[in-house]
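Summary of structural features
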Amino acid sequence: MVFVEAVQALFSLDLGFFIDIVMNNLLWVFLLYALIHYFFDGKHVLHYFLIFTIIMLSWMDLEKISGLAWTAASFLLIYYITKLAVIAWAENSPGLKNKLVVISELQFLLLLFIFTFFIK
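Residues numbered from 1 in each chain as written. Predicted model: local features only at pLDDT ≥ 70, side-chain atom pairs only at ≥ 80, totals over all residues. Heavy atoms only, no water.

**What about the overall build of the protein?**
Helix and strand content of the protein: six helices and zero strands. For the protein, the succession of helices and strands along the chain, N to C, is α-α-α-α-α-α. Computed over its C-alpha atoms, the radius of gyration of the protein comes to 19 Å, more than 25% above the 14 Å expected for a compact globule of 120 residues. Principal-axis analysis of the C-alpha atoms places the extent of the protein at approximately 55 × 40 × 20 Å. With 120 residues in all, the protein has 18% of them scored as buried. Sequence separation of at least 24 residues holds for 45% of the intrachain contacts in the protein that already meet a minimum separation of 6. For the protein, the computed accessible surface area is about 9,100 Å², with 75% contributed by carbon and sulfur atoms. (Helix = DSSP H or I, 4+ residues; strand = E, 2+ residues; numbered from the N terminus. Rg over C-alpha atoms; globule rule 2.2 N^0.38 Å. Buried < 20%, exposed > 50% of the residue type's maximum accessible area, 1.4 Å probe, protein only. Contact = heavy atoms within 4.5 Å. Areas by Shrake-Rupley, 256 points an atom, 1.4 Å probe, with all protein chains shown as cover.)

As structure tokens, then:
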């Protein structure tokens, strides 16, 4: 429960907790910071870095609590294979070309539902 521990450390003003996490994961902190700098063109990088860090920590805890399977290897394998097939099908259909984002999201949600309730 990394997010819960981080919130507890924040409320108790335990800066050592955050320094320890950053110093033990310097490569990943730098890579995330560089990725955010690249995607947001160097604007408000620290702001977005903090937001993405909070989101990542909370997702890790949500996954442990709920048991959802969206980072399991078998889920990702089927997800990427079906993503390629569905997007290729939608791109070749004239009426669906402008709805690629919706189709992609529906494919993800359907696969997540199937994995959560039927496979895991």
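There is more to say, and it comes next.
**Considering the packing of aromatic side chains**
Evaluation of the coordinates by the stated rule reveals nine aromatic pairs. Measuring from ring centre to ring centre gives 5.3 Å for F17 and F18, while their planes differ by 85 degrees; the resulting arrangement is edge-to-face. Ring geometry for F40 and Y48: centres 4.1 Å apart, planes at 10 degrees, overall stacked. For Y48, a relative accessible area of 26% corresponds to the partly exposed category. The structure contains a cluster of three or more aromatic residues connected by ring pairs, namely F40, Y48 and F52. (Phe/Tyr/Trp six-rings, centres within 6.5 Å; stacked < 30°, edge-to-face > 60°.)

**Brief notes about a nonpolar patch on the surface**
A cluster of nonpolar side chains, namely L110, F113, I114, F117, F118 and I119, defines an oily patch on the protein surface of about 650 Å² accessible area. Relative to the assigned elements, F113 resides in helix α6 (residues 100–119). (Patch = residues over 30% accessible without salt bridge, like charges linked within 9 Å, V, L, I, M, F, W, Y side chains within 5 Å. Salt bridge = Lys/Arg side-chain N within 4 Å of Asp/Glu carboxyl O.)

**With respect to unusual backbone geometry**
Most peptide bonds take the trans configuration, and most residues that are not glycine carry a negative phi. Even without being a glycine, D41 presents a positive backbone phi close to 55 degrees. D41 gets classed as exposed once you look at its relative accessible area, which sits at 62%. A positive phi is found at H44, a non-glycine position, where the angle reads about 55 degrees. With respect to the helices and strands, the residue H44 is situated in the loop between α3 (26–39) and α4 (45–66).

**Focus on the side chain of Q107**
Secondary-structure assignment places Q107 in helix α6. If near-sequence neighbours (up to four positions away) are discounted, Q107 is found in contact with Y79, T82, K83 and V86.

**Description of the confidence of the model for the protein**
When pLDDT is averaged along the protein, the result is 86, and 95% of the positions lie at 70 or above. By mean pLDDT, the top-scoring element of the protein is helix α2 (residues 15–24) (92), and the lowest-scoring one is helix α5 (residues 73–92) (85). (pLDDT = per-residue confidence, 0-100.)

**A word on the environment of K99**
Tracing the chain through its elements places K99 in the loop between α5 and α6. In the structure, K99 is positioned 36 residues away from E63 in sequence and 29 Å away in space, judged by C-alpha atoms.

**What about the packing of α5 against α6?**
Their axes nearest at 10 Å, the elements α5 and α6 cross at an angle of 150 degrees. In terms of orientation, α5 lies roughly antiparallel with respect to α6. Two packed elements cross with a definite hand, and for α5 against α6 that hand is right-handed. Between α5, through S74, F75, I78, Y79, T82, K83, V86, I87, A90 and E91, and α6, the contact on the second element is made entirely by L100, I103, S104, Q107, F108, L111, L112 and F115. Considering only residue class, the contact of α5 with α6 consists of twelve nonpolar, four polar and two charged. (Axes fitted to C-alpha atoms, helices over the stretch in contact; angles between N-to-C directions. Parallel < 35°, antiparallel > 145°, perpendicular 65-115°, else oblique. Left-handed = near helix turned anticlockwise from the far one by under 90°. Nonpolar A, V, L, I, M, F, W, Y, C, P; charged D, E, K, R; others polar.)

**Section: α6**
Spanning 20 residues, α6 covers 27 Å between terminal C-alpha atoms, matching the ideal 28 Å at 1.5 Å per step. Among all positions of α6, only I103, S104, Q107, L111, L112 and F115 are buried. On its buried face, α6 is in contact with α5. (Expected span 1.5 Å × (residues − 1).)

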